[in-house]
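Coordinate analysis (summary)
Take a look at the letters that make up each chain.
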Amino acid sequence: MKKLLSKTRAAADKYGMFGQNEKIAIGVSGGKDSLMLLRLMAAMREFHPSHFEIAALCLDPCFGGMEADYSGIQLLCDELDVPLVIRRSRLGEIIFEERRESNPCSLCARMRRGILHNMTLEQGCTRLALGHHMDDAAATFWMNLTAGSRIASFSPVTYLDRKEIYLIRPMIFCHESEIQSAAERFRLPVMKSQCPADGCTERSLAQKTIRELEKKYPGLTERIITAMQQGDVSGWGINV
């Protein structure tokens, strides 16, 4: 936990992720990454000099017309003294039943983002923290390079001028394996994804490819991050 907390604070401080006396929303999907982010942010809230508040936001796509059970996350939020807001939606029905999207991930991501951004504003938050980690950044870089012919990834901090909120990613210096180990150690209430496309996406393929390349080129993920920092790719520049 201390190692993850140190890396999370380093990323937050390096890229100026926290404003003074602000309220930060945390997007909680129920996966290990977002739940660990919730725990890390709750811990950092107690000592970080920016004195921020937090709130957890859950967006339920209601896949298969069924509402997800967030009782485990509610217990965690109660333990951490974090307010939890759950928004039920028709995302699953719209994407998989009404529109029958052949490439559902892109539309789902856009709709999710829109709803989460609105939820962030409704809770009086100025920032939305997302649970992306170092391996996610490397996979996004790989996808943009191989499928989009672009040298790009997501940014550590993104300002949405139409909504006037910041998207922040405090765990970008953390490895997925570290998060997985900590999630198991703390017995976080991880929810299995009910998405019909889970594990069959372009992102899943990119992540698998990088894991295979790591066997031949150990440290590849870190080198991708270093290259993005040195090249100031997508706001990753080291002279921030």
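Look above for the structure.
Here goes a summary of the coordinates provided. Since we're looking at a predicted model, the values are computed, not measured. (Residues numbered from 1 in each chain as written. Predicted model: local features only at pLDDT ≥ 70, side-chain atom pairs only at ≥ 80, totals over all residues. Heavy atoms only, no water.)

**Some thoughts on the nonpolar core**
Membership of the largest hydrophobic core comes to 53 residues, with the highest contact counts inside it found for F18, L38 and M41. When sequence neighbours within four positions are dropped, the list of residues in contact with M41 reads F18, I24, I26, F52, I54, A129 and P170. With 16 residues, the next largest nonpolar core counts A25, L57, V85 and L160 among its residues. (Core = buried A, V, L, I, M, F, W, Y, C linked by side-chain atoms within 4.5 Å. Buried < 20%, exposed > 50% of the residue type's maximum accessible area, 1.4 Å probe, protein only. Contact = heavy atoms within 4.5 Å.)

**So, unusual backbone geometry**
The phi dihedral of N21 falls on the positive side, at around 55°, and the residue is not glycine. Inspection of the secondary structure puts N21 in the loop between helix 1 (2-14) and strand 1 (23-27). On the basis of relative accessibility, which here comes to 58%, the residue N21 falls in the exposed class. (Helix = DSSP H or I, 4+ residues; strand = E, 2+ residues; numbered from the N terminus.)

**Notes on the environment of I151**
Here I151 shows up in the loop between helix 6 (134-147) and strand 5 (157-160). Taking C-alpha positions, I151 is 8.9 Å from M228, a pair spaced 77 residues apart along the chain. Those residues within four positions of I151 in sequence are excluded, and the remaining contacts are F141, L145 and V233.

**Overview of the packing of helix 1 against helix 7 (residues 176-185)**
Direction vectors running N to C along helix 1 and helix 7 enclose 135°, while the axes themselves pass 10 Å from each other. It follows from the interaxial angle that helix 1 and helix 7 lie oblique. Considering only the axes of helix 1 and helix 7, their crossing is left-handed. In this structure, helix 1 contributes K3, L4 and K7 to the contact, and helix 7 contributes E178, I179 and A182. (Axes fitted to C-alpha atoms, helices over the stretch in contact; angles between N-to-C directions. Parallel < 35°, antiparallel > 145°, perpendicular 65-115°, else oblique. Left-handed = near helix turned anticlockwise from the far one by under 90°.)

**Description of helix 9 (residues 220-230)**
One full turn of an α-helix is made of 3.6 residues, so residues set three or four places apart face in the same direction. All of the buried residues along helix 9 are L220, T221, I224, I225, M228 and Q229. Where helix 9 is buried, its residues meet helix 1, helix 6 and helix 8 (202-216). Downstream of helix 9 by a residue or two, D232 has a phi angle that is positive, lying close to 50°.

**Concerning the side chain of H117**
Relative to the elements of secondary structure, H117 occurs in helix 5 (residues 104-122). In this structure H117 touches L128, L160, K163, I165 and L167, once residues within four positions along its chain are discounted.

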